Every structure is written in C-alpha cells, then in structure tokens.
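Each chain is listed here by its residues.
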Amino acid sequence: MTNIAFLGLGAMGSRMAANLLKSDFMVSVWTRSPGPAETLKLLGATVATTQRATADGADIVVSMVRDDEASKEVWLDDTTGALGSMKAGAIAMESSTITVDWAKELAATVAASGQRFLEAPVAGSRPQAEAGILIYICGGDADTFTEAMPAMQAMGGTQHHVGDAGSGALVKLAVNMLLGIQQAALAEILGMAKRGGIAPAAMANVIIGTPTCSPFAKMAAESMVEHNFAPPFPVNLMEKDLGYVLAAAGGEGMPLAQATHDVFTKAMDAGYGDDNMSGVIQLYIPDGGACPPAS
C-alpha cells in the first residue's frame, strides 16, 4: 500500500488529505494548526509533530502551503525539513502555487538528494477539493507523473502533464491570472453600473446569463452583489499569485497582469486582504446597502 505524507492542512490540504484516506491510502499528516490534524486522525491519519517525521518512510510526500517561503521551510529547513528524511526514490510532490524559479530550484535540489520531484499545483477551490475533482497541472518527469497518478486521482478529476519542472507553475499562474482579471473586471463593471444609475444586481443578472460569463465569474458576481466575502480564496493570495505572474514574465509585456495586481494591492491596502477575492468590489462599492440582492 502506498504511504503518503501530507504537509499543510489548510482549507485545501485538509480536504485533499481526507480524500486520500477515503481512497484507503496510508496517510501521515503535519500542520501548524492542531484542529485539522485531529479531524484527520479520526479518519485514520497518523499525526506527526514535524515535517521530517511525517515524511519518514513515505512513498509520496505532498506539500500544500501558501507560498515560496513556506515551501522552502517545509522541504529544506535544516532541522525539520521533509527532504531530510525522505527515502531514496520517493516522490516529492509540490502542490502549492509557487514561482517558476522556485519550482525549478526545488526540482534540482530534490534530484541532487536522491529523490524524485513532481510539480503538481491544482486548479479549483474548496468545493472542488472536497469533492475530489481538482485539476492537476503537473511538471516533471513523465514516469514520475504516471507513478503518482493513483494518488492524484483520489484528489482530482483531471491530471495534465504539461512539461518539465516549472511548466506546471507557469500554467497554474496563468490560470490564476485569468481568474484575477475576471474578478477585477467584474468589480469595475458593477461600480460603473452604480455610477450610471443601474442597480449593480441588475447588471450582474444580465452578465451571468450571457455566454461570456465563466462559472467562476458567475460566483464572483453573486458574491459581489450579496457583499458576501467569506473566503475560499482571499485577496492576499490572489495578490501574491499575480506578483508571481509578473516575476515569471520578468516585467515584460504584461500590462493586464500589472493592472490587476495593482487592483489587488490597493484592496489589501484598503484592509480587504482577508476577504474573498471578490471583495475587490469594495474599492468601488464599499457600502453593502448599495448592492441590493439579485431578483
């Protein structure tokens, strides 16, 4: 039986690890917050106190953390880093949204240590993680991708292999860039509606019924008109990801990404960083009473 170590039990990771347990994998977990770990323990997970202890003996080690810095600590910390206890040939699977440069550097470090690396970020949010229908966007060796497929199938409905290490990060950042642009555009559009004397909810009702509106944009529009900003994906994470997009582009030829990043930075500066990304509407319509519920 495949033994999987899971590092990071936030909103996404806790649901992904639960699906591994439901698929009868042996799972050990680590997180800084005890609550999710205790819940998974009731489902059959082994709870460890450090990343290194969690990874000891595992066939696949999955990381699902916030950013480059958290990823570096999880894998490479001198005292607790998971790579320090991974057995030869084990797979280090990085599912966090990280920079292209860090994905390449981590892949080289893992290879030099005698393990294998699979870059495996996911598209989807809490509902997709809970339902086990995340979309995997993988970079790395094709054989490693194939070997990790059963674990990914337990957590996601679709798996794509897009190239070498770094490719997965680039495609994932592109997906999040499009998502962020949609959020920022909708916020501007609904703000324009209000200034033009149209109820933002009325404008949203028209937009979400058109072929131009994606499923995520529909959810964003509904969140905006209801002023319901409980996050599955907060403003501060989108700002981080858009910053990674700009880093990948080297500052060249990305005016839409730059403008969208500026919108999310402004939203953070205004105190909306912990709100769902749809909360950028508050830059244009700060008063929830100005957005009556859709009819």
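In case you missed it, the structure is sitting above this.
The structure reproduced in this document is the subject of the present report. (Residues numbered from 1 in each chain as written. Predicted model: local features only at pLDDT ≥ 70, side-chain atom pairs only at ≥ 80, totals over all residues. Heavy atoms only, no water.)

1. Observations concerning the side chain of Glu 239
Working step 1: You can see Glu 239 is positioned in helix α11 (residues 235-249).
Working step 2: In this structure, Glu 239 is buried with no salt-bridge partner, the nearest side chain bearing the opposite charge being Arg 66 at 6.1 Å.
Working step 3: At 3.0 Å, the side chain of Glu 239 forms a polar contact with the side chain of His 261. (Helix = DSSP H or I, 4+ residues; strand = E, 2+ residues; numbered from the N terminus. Buried < 20%, exposed > 50% of the residue type's maximum accessible area, 1.4 Å probe, protein only. Lys, Arg positive; Asp, Glu negative; His and termini not counted. Salt bridge = Lys/Arg side-chain N within 4 Å of Asp/Glu carboxyl O. Polar contact = N/O pair within 3.5 Å; in protein donor to acceptor, adjacent residues only side chain to side chain.)

2. Let's talk about the environment of Glu 226
Working step 1: Structurally, Glu 226 can be placed in helix α10 (residues 215-226).
Working step 2: Judged by relative accessible area, which is 52%, Glu 226 ranks as exposed.
Working step 3: A C-alpha to C-alpha distance of 20 Å links Glu 226 and Val 263, two positions 37 residues apart in sequence.

3. A closer look at the pattern of salt bridges
Working step 1: In total, this model carries eight salt bridges according to the counting rule given.
Working step 2: A salt bridge links Lys 87 to Asp 59, with the shortest nitrogen-to-oxygen separation between them at 2.7 Å. Of this pair, Lys 87 sits in the loop between α4 (68-76) and β5 (91-94) while Asp 59 sits in the loop between α3 (51-55) and β4 (60-63), and the two are 28 residues apart along the sequence.
Working step 3: You can call Lys 87 partly exposed: its relative accessible area is 35%.
Working step 4: Judged by its relative accessible area of 26%, Asp 59 is partly exposed.

4. Here's the deal with the layout of surface pockets
Working step 1: By volume, the largest pocket amounts to about 1,000 Å³.
Working step 2: Met 12, Met 64, Gly 124, Phe 233 and Leu 237 are the residues nearest the centre of the largest pocket, which is lined by 44 residues in total.
Working step 3: When contributions to the lining of the largest pocket are tallied by element, the ones reaching two or more residues are β7 (122-123), α6 (126-131), β8 (134-140), α8 (167-195) and α11.
Working step 4: Among the elements that make up the lining of the largest pocket, the one with the highest residue count is α8 (six residues).
Working step 5: Of the residues that constitute the lining of the largest pocket, the class distribution is 23 nonpolar, 15 polar and six charged.
Working step 6: Its boundaries defined by the atoms lining it, the second largest pocket holds a volume of some 310 Å³.
Working step 7: Forming the walls of the second largest pocket are 17 residues, and the residues nearest its centre are Met 219, Ala 220, Ser 223, Pro 232 and Asn 276.
Working step 8: Mapped by element, the contributors of at least two residues to the lining of the second largest pocket are α6 and α10.
Working step 9: Tallying contributions element by element places α10 first for the lining of the second largest pocket, with six residues.
Working step 10: When grouped by side-chain class, the residues that make up the lining of the second largest pocket number eight nonpolar, seven polar and two charged. (1 Å grid on protein atoms, 1.4 Å probe; cavity = no way out; pocket = protein on both sides within 12 Å on 5 of 7 lines; lining within 4 Å. Points joined across faces, edges and corners; volume = space filled by probe spheres on them. Nonpolar A, V, L, I, M, F, W, Y, C, P; charged D, E, K, R; others polar.)

That's the geometry; what it means functionally is another story.
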